[in-house]
Amino acid sequence: MAQTLPVGADGAANGYIALVAKFTALQKAANGLLDEAELLAQRMRRNADAATTLADLTAAAHVDPVHVAAIADVGNAFGQVVGGCKRLMSAADTMHTAAGHLKQEHQTEYGPIHAAVTASRARQAKPGFYQQT
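Here the residue index of a chain counts from 1 through its sequence in written order. In keeping with the predicted nature of the model, local features appear solely for residues at pLDDT of at least 70, side-chain atom pairs appear and are counted solely at 80 or more, and the whole-chain, interface and lining totals rest on all residues. Hydrogens and water molecules were not included; the side-chain quantities draw on all heavy atoms of the structure.

S.K.: Is there a simple way to explain the pattern of salt bridges in this structure?
M.R.: Side chains that carry opposite charge are capable of pairing whenever their charged atoms lie near each other. For this analysis, a salt bridge means a side-chain nitrogen from Lys or Arg found within 4 Å of a carboxyl oxygen belonging to Asp or Glu. Scanning the entire structure with this criterion turns up one salt bridge. In this structure, the salt-bridge partner of Arg45 is Asp49, at a minimum N-O distance of 3.6 Å. Highlighted residues: Arg45 and Asp49, both in helix α1 (residues 16-60), separated by four residues, approximately one helical turn. Secondary structure elements are taken from DSSP: a helix is a run of H or I of four residues or more, a strand is a run of E of two residues or more, and numbering for both begins at the N terminus.

Shown next, in the form of structure tokens:
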């Protein structure tokens, strides 16, 4: 069984600037996924259209209906992939938007604190020092 690490187990890797960088990276990754899924959907749509055209042409050429049906099934399968890509695109877009909102909220809430701490020459307590146990 996997052991779950406590929140903040990354230590300094969860500082203000590190979290902003992580949120930015998450946004970029979601945007990249959205672009790739869109390209894949376009390619699969072209393949589905080509398979449908091929099925029509083979039917017009009086090819065995079993083969025509197999080609049509391939076209339908490509069409299902297009539907999956569109759902993936929706999820990636939602993730991109959510990461942007989270980053903005994080900057709004903790940005002034970070600015005050970095402007001060006084040593600051480590995170969790004032937390009561």
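On we go from here.
S.K.: Explain the nonpolar core to me, please; I cannot follow it from the model alone.
M.R.: One broad rule of soluble globular proteins: the nonpolar side chains tend to lie buried together. By convention a nonpolar core is built from buried Ala, Val, Leu, Ile, Met, Phe, Trp, Tyr and Cys residues, the set being connected through side-chain atoms within 4.5 Å. Only protein chains enter the area calculation, which uses a 1.4 Å probe; residues under 20% of their type maximum are buried, those over 50% are exposed, and those in between are partly exposed. Core analysis: the biggest nonpolar cluster contains six residues, these being Leu34, Ala37, Ala41, Cys85, Met89 and Ala92. Elements that contribute at least two residues to this core include exactly α1 and α2 (65-119). With residues up to four places along the chain from it excluded, the contact list for Met89 reads Leu34, Ala37, Glu38 and Ala41. Only heavy atoms enter the contact rule, under which two residues are in contact if any of them lie within 4.5 Å.

S.K.: What is the right way to look at the side chain of Gln27 in this model?
M.R.: Considering the arrangement of structural elements, one finds Gln27 in helix α1. Discounting chain neighbours no more than four positions away, the residues touching Gln27 are His96, Ala99, Gly100 and Lys103.

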